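Topology and contacts: notes
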2 protein chains.
Amino acid sequence: MVKNTHSTIASNVFQQLKNEIITGAIPQGQKISEVSLSTRLGISRGPLREALRLLEAINLIERTPHSGSKVVSLSYSKIRELYQIRELMEGFATRLAASQMTRPEIDTLYRLLDSHHNQIESSGTHVYLQEEGDKDFHYYIYSKCNNQWLLDYLDNSLYQLIMMCRQQTAQIPSRADLGISEHIAIIDAISDRDPEFAEILMKRHIKGAWETVKRLIFEVDLESK
Amino acid sequence: MVKNTHSTIASNVFQQLKNEIITGAIPQGQKISEVSLSTRLGISRGPLREALRLLEAINLIERTPHSGSKVVSLSYSKIRELYQIRELMEGFATRLAASQMTRPEIDTLYRLLDSHHNQIESSGTHVYLQEEGDKDFHYYIYSKCNNQWLLDYLDNSLYQLIMMCRQQTAQIPSRADLGISEHIAIIDAISDRDPEFAEILMKRHIKGAWETVKRLIFEVDLESK
DNA sequence: AAGAATATAATTGTTGACAATTAATAATAT
DNA sequence: ATATTATTAATTGTCAACAATTATATTCTT
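Here's what I pulled together on the structure shown here.

Scoring rules and cut-offs
Residues numbered from 1 in each chain as written. Chains lettered and ligands numbered in written order. Predicted model: local features only at pLDDT ≥ 70, side-chain atom pairs only at ≥ 80, totals over all residues. Heavy atoms only, no water. Near = heavy atom within 4 Å. Polar contact = N/O pair within 3.5 Å; in protein donor to acceptor, adjacent residues only side chain to side chain. Helix = DSSP H or I, 4+ residues; strand = E, 2+ residues; numbered from the N terminus. Nonpolar A, V, L, I, M, F, W, Y, C, P; charged D, E, K, R; others polar. Buried < 20%, exposed > 50% of the residue type's maximum accessible area, 1.4 Å probe, protein only. Pairing = 2+ DSSP bridges. Phe/Tyr/Trp six-rings, centres within 6.5 Å; stacked < 30°, edge-to-face > 60°. Salt bridge = Lys/Arg side-chain N within 4 Å of Asp/Glu carboxyl O. Axes fitted to C-alpha atoms, helices over the stretch in contact; angles between N-to-C directions. Parallel < 35°, antiparallel > 145°, perpendicular 65-115°, else oblique. Left-handed = near helix turned anticlockwise from the far one by under 90°. Contact = heavy atoms within 4.5 Å.

What follows concerns the protein's contact with DNA strand C. In the region of DNA strand C, 19 residues are neighbours, and Arg-45, Arg-49 and His-66 of chain A together with Ile-9 and Ser-44 of chain B sit closest. Of all DNA strand C atoms lying within 4 Å of any protein atom, the proportion belonging to sugar or phosphate reaches 72%. Glu-34 of chain A is positioned with one of its backbone polar atoms (N or O) 3.3 Å from a phosphate oxygen of DNA strand C. At a separation of 3.2 Å, a phosphate oxygen of DNA strand C approaches a polar backbone atom of His-66 of chain A. Only strand 1 (31–32) and helix 3 (45–57) of chain A together with helix 1 (9–23) and helix 3 (45–57) of chain B provide two or more residues apiece to the surface near DNA strand C. Partitioned by chemical class, the residues of the surface near DNA strand C number five nonpolar, nine polar and five charged.

Structure below.
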């Protein structure tokens, strides 16, 4: 039932390392030694190097010739630029999706939101579940944008970095409601076939997320001194 | 004087293959055999595979596990989606640049345009020179956007594909003037510190380029049957 | 003792052989 | 003759050893 046909060591290791970086198991800025990592994983350096190239391609590690790789460290300005470009691209993706989603797809989106909402209420207010639901919601929309370059960049590169930011600011419990009402408003705009408005709402939603992240970064900064 | 310090076989081969693909020396859709290519280049398969990973990262080749790599083939819809996303991102980059470029940088941009204009008039109307100048102009602007993710994506991924499109439609001589007056208008808006207008003009400019490409694709299509 | 030059160690880059998988060919059954 | 299975060939994936480069430690000079 696992879709691990066509699996290779390189791609598996890529997935594993991606998770370890995003969750912070391998901390930001850490230098990566090919020999020690490959021995830890029980593989040779060949596939590991391929995995590292893939990680570099989605901006999770930086690589300098003859010197080595290290996990990216997300400075304040990098995160700001990240949310800036996310607002632009995901806003546009939402506009495209709003003009192209079918009625059944919109219904599914409503149900998706409902189910997440119920899950959160029934199982207490687990932040983890909320964030999973948030991710699903955003993914479901931008995956309907009908532009393969946009989708590829949002899904493979931008969102990985966004997840990393969340991990970085997740120590402090975030705002209780992750913008559920905003989510509803966005779907309503899509349902009304109003792409411009859907885009505006999504951009505001992301801008709000950025404000939260910014505040958390500031608070973490205060705590550490 | 060459800045090939820190050069590796993999990165050199990457550059070479990138050029061969963009210029069409290796045609679109062609399957790539690792053994024959590595022997042709006189290297082993290791660095070639690294180069192929890099090419995959900028969307110039597609790769399927255990099957192999092939050069991407730019269908009509892919090109349309490419220009769609280029308009969005480069337009936004222009807005950012307009609000952040310094006066000396703007002056340099004016001189750049002048020098290209003179070169074209003096040496006849070489299409090649025009396109080089066009590329320089666009690069100089979006490189001032102050957003590393945006710059990275525009420069490394999108523009490589755009160059491929041009190659594809370059058999037919394109419109005589590549929009020099539009270029001037864009710089003027930047010089006037009017980011919104600069963005609008850049988006219109790119939309115009797309209309030209679309027409050329259509004509090529007619010729071939 | 401080700094520069040299030598040593550690790390990354490259290679060629081998294993695993897929594509192509030949043989067999209906 | 066609479709299906078995066999062979070709291609990609992985490994371990070697070469080239960079980082570290040591020695030497002032």
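Before going further, it helps to spend a moment on the environment of Thr-108 of chain A. All names here are of chain A. Along the chain, the position of Thr-108 falls in helix 5 (residues 103–122). The exposure class of Thr-108 is partly exposed, given its relative accessible area of 29%. Between the C-alpha atoms of Thr-108 and Tyr-140, which are 32 residues apart in sequence, the distance is 9.5 Å.

What follows deals with the sheet that holds strand 2 (residues 61–64) of chain A. Residue and element names in this part refer to chain A. Pairing in this open sheet of three strands is antiparallel, and the strands run 1-3-2 from one edge to the other. This sheet does not close on itself; its edge strands, each paired only once, are strand 1 and strand 2. Here four bridges tie strand 2 to strand 3 (residues 68–71), and the two strands are oriented antiparallel to one another. Residue pairing for strand 3: Thr-64 is matched across the bridge by Gly-68.

Before going further, it helps to spend a moment on the sheet that holds strand 1 (residues 31–32) of chain B. All names here are of chain B. Ordered in space as 1-3-2, the three strands form an open sheet in which the pairing is antiparallel. This sheet does not close on itself; its edge strands, each paired only once, are strand 1 and strand 2 (61–64). By the bridge criterion, two bridges tie strand 1 to strand 3 (residues 68–71) in an arrangement that is antiparallel. Directly across from Lys-31, in strand 3, lies its bridge partner Lys-70.

Moving on, we get to the packing of aromatic side chains. Residues and elements named next belong to chain A. Under the criterion given, the structure shown has nine aromatic pairs over all chains. Here the aromatic rings of Tyr-76 and Trp-210 are separated by 5.8 Å at their centres, their planes lie at 50°, and the arrangement is tilted. With Tyr-76 in helix 4 (residues 76–100) and Trp-210 in helix 9 (residues 195–223), the pair connects residues that are 134 residues apart, well separated along the chain. Note on Trp-210: relative accessible area 10%, which makes it buried. For the pair Tyr-139 and Tyr-142, a centre-to-centre distance of 5.5 Å together with 85° between the ring planes defines the contact as edge-to-face.

It is worth spelling out the pattern of salt bridges at this point. Under the criterion given, the structure shown has 28 salt bridges over all chains. The partner of Glu-196 of chain A in a salt bridge is Arg-95 of chain A, and the shortest N-O contact between them spans 3.6 Å. Highlighted residues: Glu-196 of chain A in helix 9 and Arg-95 of chain A in helix 4, separated in sequence by 101 residues. Under the relative-accessibility criterion, Arg-95 of chain A is labelled partly exposed at 27%. Linked through salt bridges whose partners overlap, the residues forming this network are Glu-34, Arg-45, Arg-49, Arg-53, Glu-56 and Arg-63 of chain A together with Glu-50 of chain B.

On to the protein's contact with DNA strand D. Taken together, 18 residues lie near DNA strand D, and Ile-9, Ser-44 and His-66 of chain A together with Arg-45 and Arg-49 of chain B sit nearest. Within 4 Å of the protein, atoms of DNA strand D come from sugar and phosphate in 74% of cases. For DNA strand D, a phosphate oxygen lies 2.3 Å from a polar atom in the backbone of Ile-9 of chain A. When residues of the surface near DNA strand D are traced back to their parent elements, those giving at least two are helix 1 (9–23) of chain A together with strand 1 and helix 3 of chain B. For the surface near DNA strand D, the residue count by class is five nonpolar, eight polar and five charged.

Now for the packing of helix 8 (residues 180–191) of chain B against helix 9 (residues 195–223) of chain B. Residues and elements named next belong to chain B. Running from amino to carboxyl end, helix 8 crosses helix 9 at an angle of 165°, the nearest separation of the two axes being 8 Å. Judged by the inter-axis angle, helix 8 sits roughly antiparallel to helix 9. Here helix 8 runs over helix 9; the crossing is left-handed. On helix 9, the residues touching Glu-182, His-183, Ala-185, Ile-186, Ala-189 and Ile-190 of helix 8 are Phe-197, Ala-198, Leu-201, Met-202 and His-205. Taken together, the residues of the contact of helix 8 with helix 9 break down into eight nonpolar, two polar and one charged.

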